[in-house]
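Breakdown of the fold
One-letter residues, chain by chain:
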Amino acid sequence: MALYVLQQIVNGVSAGSLYALMAVGLAMIFGILRLINFAHGDIMMVAAYFATFALFAGLPLPAAVLVMTVGTILVGLAMERIAYRPIRGAPDVATLLTSFAVGQILENGVLLTSRLAGQPIQIAFPAPPGLDGVVALGSLTVPRVNVASFGSGIVLLVLLSLFVTRTRLGLSMQAAADDLTAAQLMGIRVNRVVATAFVIASGLAAVAGFLYASQAGQINPYLGFTPVLKAFIAAVIGGFGSLTGAVAGGYALGLLEVIPTALAGIADILPPGSVSPAVHDLLATLFPAGLASYRDAFVFVFLILMLLFRPNGILRATREETP
Amino acid sequence: MTAPSRVRAWVGLRRPNLLLATLVVVGLALLDASGLAFWQGLAINLAIFLILVVSLNLASGFTGVFSLGHIGFMALGAYISAILTLPLREKADYLPRLPAWLAGVHFDQLVGPLPVGWLAATILAGILVALLALVVGSVLLRLSGHFVAVATLGFLVIVRVVLFNADDFTRGSRTFSNVTPYTNLWWAWGWAALTVLVTWRLKHSAIGREMFAQRADRWAAQAVGVTITRPRLVAFVVSAFFTAVAGSLYAHFITSFSPTVFYFDLAFRVITMLVVGGMGSVSGSVLGTMVVVAVAEALRRIEDATLLYGMSGILLAVFFILVIIFRPGGIMGQQELSWAMVRGILGGRRPAPATAGSGPWARDLGTLHGGSPAAELPTPMPDDGFEPS
């Protein structure tokens, strides 16, 4: 039983790393521009395609990762320059709708490109040899890609926090997030800060896209939709706009998400005789095996509850400017 | 006023409107008689989109509360009405695990050529969905700005997950087919006309003005006693009813569908039509729907001919972004097409531009770029803790 719980926690943490990588990017862009960049999920999808095509072309793994990261960052920068800069300062809904449109362009663009390249809609991800298989930790078996997710998540997020707190550019980013106009008046080049935010966000999304594709085993142009929604939830949990909050929210969401999966059919997982038949039946009624497939519904109910009752995050009760 | 004349006044049967209605009816009759299946299908499609866009305009354009979850209401309307109209024998074969109270229900009665059972099923589906909207809305409409948009998107995801998993009712991810093809030109356009009429009347009613007032300036609105949630909720519920009706029309038009249809792509298409037409303008919605349906259809044909699948999606999204950047009010802004304006255009005079600041709503609004007036106040009044806007 303890092993079962531990296994679920490991699953949760590894999913949480992906959410954290995505949520940080969302929160960073939101913090500076007050833009919920829904196309962030599609940036992640674009990264998965870059990686796939680079691997198809026979590039070794490090080169493929490099191509993917650079390509994705360029797409992110182009997106900011072409679509988001002209509407900077427009009301919330206009920027949100624009990001939907940008997402549609990326999805359809990838669809078109991969069709022209003679690929089907659903492509099997050529999993790099280092990432398949499992690692045994005692009696626990963890897929290697989950270990990679966790590891790269931690490393990148630590690097990010060093960048934001220790470098000049990082500090000006914080200033811009605090008050864009004041930062501009203090001589901070806002366009450069915004571009940096998109570079970092797209880079992190690229890594997330690669890990996601390795976990899922196949990719399609629409794979970014659910992750960006999850990242949004993670960012809300952490208090929208806060980077540390987004990371914490990502891991919290990862753990939260495994609860319905873990509880589904719990009655049959318990060793026979460990609980009385009455409890067994109660558990079987409360948590039927089909519960797991409703996981996303639970997560979004949770999102709605969060937005209603803790719109500033789990930890922060008030803030002068509510999101 | 006598009763018939009161009805005439409510419907707005003045001579030019009557002329337009006659033209539409004659056009539909010609189309019906022509046997051109493709154009008939396109016209039905157009009517369904009209209902979706006009009712989304009611919920979002009038009130400023952006709902991305309306396609969820459409999905529920489609599934509820389709389950209700399925004839008994097919129901037993097709949905064998329906609970007993539902398994014996069949709304497939005909009176002469009229499918009254389907009409009842459609209205029933509309009412059930409207009740759900009442519950969902009274929770979600406390939010504002992009947070309500994302929360309603969450609702759409929840509906989808439930439809995929409620196998006994919806066949899950398998296609739900064998729906009787009741929808024809007359039903689709009849419902579309009713939607336009009701929305139009609502816009010019007291509650409609409350919708626009709280959108324009919630502090000023509250100061004169306009509540925020009541007009929002009325708009949301009425709009959910018609959206569910559109779902029923859709289900009985294409006759087989699965939950995947009712998702973000469709929601985005409807939003494009709404924004292109102008948020807050009923006639704008009609124009926006016609423009986007025509453009999408043309692009689809080009796509089929060139095999460049994805091209139409890209071009439509680019068009959408250009509208947001260069003409945030869409075609009409918040104004309505009036006969005077039409005469002006026909007479070669330019109509009043549909941009910010024109019309009685001095401060902006029909546009997406209006900016919240509250944000311009040097010291915003303390929030009443009512909504995180």
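Bear in mind that the values here come from a model prediction, so they are computed numbers and not experimental data.

As for the overall build of chain B
- A tally of helices and strands in chain B yields 18 helices and zero strands.
- In chain B, which comprises 389 residues, the proportion classed as buried is 48%.
- Here the contacts in chain B between residues at least 6 apart in sequence split such that 77% fall between residues at least 24 apart.

Quick notes on the overall build of chain A
- Along chain A, the regular secondary structure elements total 13 helices and four strands.
- The C-alpha radius of gyration of chain A comes to 21 Å, within 12% of the 20 Å expected for a compact globule of 323 residues.
- Of all 323 residues assigned to chain A, the portion counted as buried reaches 49%.
- When contacts within chain A are restricted to residue pairs at least 6 apart in sequence, those whose partners lie at least 24 apart make up 75%.

Focus: the pairing of strand β3 (residues 140-143) of chain A
Residues and elements named next belong to chain A.
- Taken together, the four bridges between strand β2 (residues 134-137) and β3 define a ladder with antiparallel strand orientation. Within β3, the position partnered with V135 by the bridge is V142.
- In this antiparallel pair of consecutive strands, β2 and β3, the connection spans two residues, and G138 shows a positive phi of 65°.

Here we look at helix α16 (residues 311-326) of chain B
- For α16 of chain B, spanning 16 residues, the distance from its first C-alpha to its last is 22 Å, which sits close to the expected 22 Å at 1.5 Å a residue.
- Turning to α16 of chain B, its buried residues number three or more, namely S312, G313, I314, L316, A317, F320, I321, V323 and I324 of chain B.
- Contact partners of the buried residues in α16 of chain B: α3 (61-84) and α4 (92-116) of chain A together with α14 (264-277) and α15 (282-306) of chain B.

Considerations on the environment of F53 of chain A
All names here are of chain A.
- Within the element layout of this structure, F53 appears in helix α2 (residues 40-56).
- Under the C-beta neighbour-count criterion, F53 is labelled buried, with 20 such atoms within 10 Å.
- Remark: the alpha-carbon pair of F53 and A117, spanning 64 residues in sequence, is separated by 9.6 Å.

Things to note about the interface of chain B and chain A
- If you look at the interface, chain B gives 40 residues, while chain A gives 38 residues.
- Mapped onto the side of chain B that touches chain A, the elements with two or more residues apiece are α7 (116-140), α8 (145-165), α14 and α16 of chain B.
- The element best represented in the side of chain B that touches chain A is α8 of chain B, accounting for twelve residues.
- Within the side of chain B that touches chain A, the residues separate by chemical class into 29 nonpolar, ten polar and one charged.

Digging into the environment of S173 of chain B
Residues and elements named next belong to chain B.
- If you trace the backbone, S173 turns up in the loop between α9 (167-170) and α10 (185-203).
- As for S173 and V161, which are separated by twelve residues in sequence, their C-alpha atoms are 10.0 Å apart.
- Setting aside its immediate chain neighbours within four residues, S173 contacts F164, S258 and P259.

Comments concerning unusual backbone geometry
- Phi at R34 of chain A is positive, roughly 55°, even though this residue is not glycine.
- Relative to the assigned elements, R34 of chain A resides in the loop between α1 (2-33) and α2.

Some details on the confidence of the model for chain A
- In this model, chain A carries a mean pLDDT of 86, and residues with pLDDT of at least 70 account for 97%.
- Contacts of residues 317-323 of chain A to residues separated by more than four positions or lying in other chains number twelve contacts, the stretch itself having pLDDT below 50.

Thoughts on the packing of α1 of chain A against helix α8 (residues 190-216) of chain A
All names here are of chain A.
- Two elements in contact, α1 and α8, have axes separated by 8 Å at closest approach and are oriented at 165°. Between α1 and α8, the angle falls in the class roughly antiparallel. With respect to the hand of their crossing, α1 and α8 are arranged in left-handed fashion. Together, L18, L21, M22, V24, G25, M28, I29, I32 and L33 of α1 and V193, V194, A197, F198, I200, A201, L204, A205, V207, A208, L211 and Y212 of α8 make up the contact between the two elements.
- Along the lines of polarity and charge, the residues of the contact of α1 with α8 split into 20 nonpolar, one polar and no charged.

What to know about the packing of helix α3 (residues 37-61) of chain B against α14 of chain B
Residue and element names in this part refer to chain B.
- Close contact between α3 and α14 brings their axes to 9 Å; oriented N to C, the two are set at 70°. One finds that α3 runs roughly perpendicular with respect to α14. Handedness of the α3/α14 crossing: right-handed. Across from F49, L52, V53, L56, N57 and G61 in α3, the residues of α14 making contact are V270, M273, L274 and G277.
- For the contact of α3 with α14, a count of residues per class yields seven nonpolar, three polar and no charged.

What counts and how
- Residues numbered from 1 in each chain as written.
- Chains lettered and ligands numbered in written order.
- Predicted model: local features only at pLDDT ≥ 70, side-chain atom pairs only at ≥ 80, totals over all residues.
- Helix = DSSP H or I, 4+ residues; strand = E, 2+ residues; numbered from the N terminus.
- Buried ≥ 20, exposed ≤ 12 C-beta atoms within 10 Å, placed from the backbone.
- Contact = placed C-beta atoms within 7 Å.
- Rg over C-alpha atoms; globule rule 2.2 N^0.38 Å.
- Pairing = 2+ DSSP bridges.
- Expected span 1.5 Å × (residues − 1).
- Nonpolar A, V, L, I, M, F, W, Y, C, P; charged D, E, K, R; others polar.
- pLDDT = per-residue confidence, 0-100.
- Axes fitted to C-alpha atoms, helices over the stretch in contact; angles between N-to-C directions.
- Parallel < 35°, antiparallel > 145°, perpendicular 65-115°, else oblique.
- Left-handed = near helix turned anticlockwise from the far one by under 90°.

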